Number of protein chains: 2
Amino acid sequence: MRLPVELAHAYRLLNHGPTTLISAAHGGVQNVMAAAWVMPLDFEPPKVLAVIDKQSFTRSLIDASGEFALSLPSRELAAATVNAGSSSGRDGDKFASSGLQPFKAQEIAAPLIDGCLAWLECRVIAEPANQQRYDLFIAEVVAAWADSSVFADGHWLMAPDTRHTIHYVAGGRFFETGAAFDV
Amino acid sequence: MRLPVELAHAYRLLNHGPTTLISAAHGGVQNVMAAAWVMPLDFEPPKVLAVIDKQSFTRSLIDASGEFALSLPSRELAAATVNAGSSSGRDGDKFASSGLQPFKAQEIAAPLIDGCLAWLECRVIAEPANQQRYDLFIAEVVAAWADSSVFADGHWLMAPDTRHTIHYVAGGRFFETGAAFDV
């Protein structure tokens, strides 16, 4: 079941460095891309950093709308994630070609991606120099959600029998998030 | 054995979001801190992003020297990593208190941390507005290294019988990097 995550805990969804899907919408058009270069920037209000190539179609939708969503796929969506990272929405509807299914967010127009483990709804904080020079976006998290089978009461569960987040390296290779341990 | 990593492959050391140790030196003083908010920003020349709190002693050494090193600990160093993240070098020599052992880098004065899996030597690209407003550093990777038992020929090995990188969440809880899979 998809449940809200307290904004003060939103950083915990990204703190361990999972691969994300970035989605955006503008003027009735929506798109999704894969992004490994996403991480927290601040706790409260929660902010995130995302590197979003100015060549990408999703980037043009973010530039126009000032919003994007992050969705965290599990291994079940890894092939679709690679597909979303290696094709362009300029060449056709990427939701149709990747098999990823959008659904409506609460606070922003950008869609969330069905079947993921967690979701962050983000509003861009305008920093034109970073965006132009480094393709670097700073955004405030305005809503966050997680599947209660993997994240509950502010903590990732990710047990051997639940789905896990995934971590992309290169060349189609991922690592699954492994076993938890405490210090 | 510690071997050089081609700069074009340096991003792969961080792409999966491992927790890092950030070390710095200036004027004969050196320090180390834990940092989960570190990721790649660009491929070649490789650049990284790191969020480094202006309250931290390590930050003052980075501000003064314009350099820092990233070292990637495994589970064997997780307790020392938490220690390095919860004490301050202002209160005494953190290398003595954490058990972490520094050794000399090649291109920068900041030390690398012994027993880690990989290392990146970084020179800060001056972006004063980001540094002041967001505690956000952009740096170029000028040398990179990895232990050949876990990273070789540009690829992480991380097999069941080798050491793995680790991913911090909160409250002393980490995830180990789990099983690899290909799409």
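Here the structure is a predicted model, which means the values were calculated and not measured.

Aligned on chain A, chain B shows an RMSD of 0.0 Å; the corresponding rotation is 180° and the shift along the axis is 0.0 Å. What the rotation and shift describe, once combined, is the action of a two-fold rotation axis. Same-surface contact between copies: 100% of interface residues of chain B are shared with the interface of chain A.

Right, let's talk about helix H2 (residues 57-65) of chain B for a bit. Residues and elements named next belong to chain B. Among the residues of H2, Thr58, Arg59, Leu61 and Ile62 are the ones counted as buried. Looking straight down H2, one finds its buried side chains confined to an arc of 160°; they lie on one side. Considering only its buried residues, H2 is in contact with strand S2 (20-26), strand S3 (29-35), strand S6 (67-72) and strand S9 (118-125). The first or second residue beyond H2 is Gly66, which carries a positive phi of 70°.

The interface is formed by 39 residues belonging to chain B together with 39 residues belonging to chain A. Counting only elements with at least two residues in the side of chain B that touches chain A, the list comes to strand S4 (38-42), strand S5 (47-51), helix H3 (78-86), helix H5 (128-134), strand S10 (136-147), strand S13 (166-170) and strand S14 (173-182) of chain B. Per-element accounting of the side of chain B that touches chain A gives the leading share, ten residues, to S14 of chain B. Within the side of chain B that touches chain A, the residues separate by chemical class into 25 nonpolar, nine polar and five charged.

For the rest of this paragraph, the subject is H3 of chain B. Residues and elements named next belong to chain B. Every buried residue of H3 is listed here: Ala78, Ala80, Thr81 and Ala84. All buried residues of H3 project into a common sector of 160° when viewed along the axis, lining one side. Contact partners of the buried residues in H3: S2, S3, helix H4 (94-98), S13 and S14.

Right, let's talk about the sheet that holds S13 of chain B for a bit. Reading across the sheet, the four strands line up as S13(A)-S14(A)-S14(B)-S13(B) and stay open at both edges, with antiparallel pairing between neighbours. Bordering the open sheet on either side are strand S13 (166-170) of chain A together with S13 of chain B, each of which pairs with just one other strand. Ignoring strand direction, the axes of neighbouring strands in this sheet form an average angle of 40°. Note that S13 of chain A and strand S14 (residues 173-182) of chain A share four bridges and pair antiparallel. If you follow Ile166 of chain A over to S14 of chain A, its bridge partner there is Glu176 of chain A.

All names here are of chain A. A cis amide bond links Glu44 with the next residue in sequence, Pro45, at an omega value of 0°. Note that Pro45 resides in the loop between strand S4 (38-42) and strand S5 (47-51). Backbone geometry at Asp135 places phi at a positive 55°, although glycine is not the residue there. Relative to the helices and strands, Asp135 is located in the loop between helix H5 (128-134) and strand S10 (136-147).

Before going further, it helps to spend a moment on the environment of Gly115 of chain B. Residues and elements named next belong to chain B. In this fold, Gly115 is placed in the loop between strand S8 (112-113) and S9. The exposure class assigned to Gly115 is partly exposed, which follows from the 16 C-beta atoms found within 10 Å. Along the backbone, Gly115 and Leu72 are 43 residues apart, and their C-alpha atoms lie at a distance of 9.1 Å. Not counting residues up to four positions away in its chain, the partners in contact with Gly115 are Glu76, Leu77 and Gln101.

Parameters and conventions
- Every chain's residues receive numbers from 1 upward, in the order its sequence appears when written.
- Chains and ligands are labelled sequentially in the order written, the chains with letters from A and the ligands with numbers from 1.
- Thresholds applied to this predicted model are a pLDDT of at least 70 for local features of residues and 80 or more for the giving and counting of side-chain atom pairs; totals over whole chains, interfaces and linings are not thresholded and use all residues.
- Superposition of the copies used a least-squares fit over C-alpha atoms from residues whose pLDDT is at least 70 in both.
- Residues are treated as contacting if the C-beta atoms built from their backbones sit within 7 Å of each other.
- Put plainly, a residue is buried at 20 or more neighbouring C-beta atoms within 10 Å of its own, exposed at 12 or fewer, and partly exposed in between, counting only other residues' C-beta atoms, which are placed from the backbone.
- The numbering of helices and of strands both runs from the N terminus, where a helix is a DSSP run of H or I of at least 4 residues and a strand a run of E of at least 2.
- Directions drawn from the helix axis to the C-beta atoms are what define this arc.
- Note on residue categories: nonpolar means Ala, Val, Leu, Ile, Met, Phe, Trp, Tyr, Cys or Pro, charged means Asp, Glu, Lys or Arg, and polar means any other residue, Gly included.
- At least two DSSP bridges between two strands are required for those strands to pair.
- For helices, the fitted line uses only the C-alpha atoms of the stretch in contact; every axis is such a line through C-alpha atoms, and the angle between N-to-C directions lies from 0 to 180 degrees.

These values are about where atoms sit, not about what they do.
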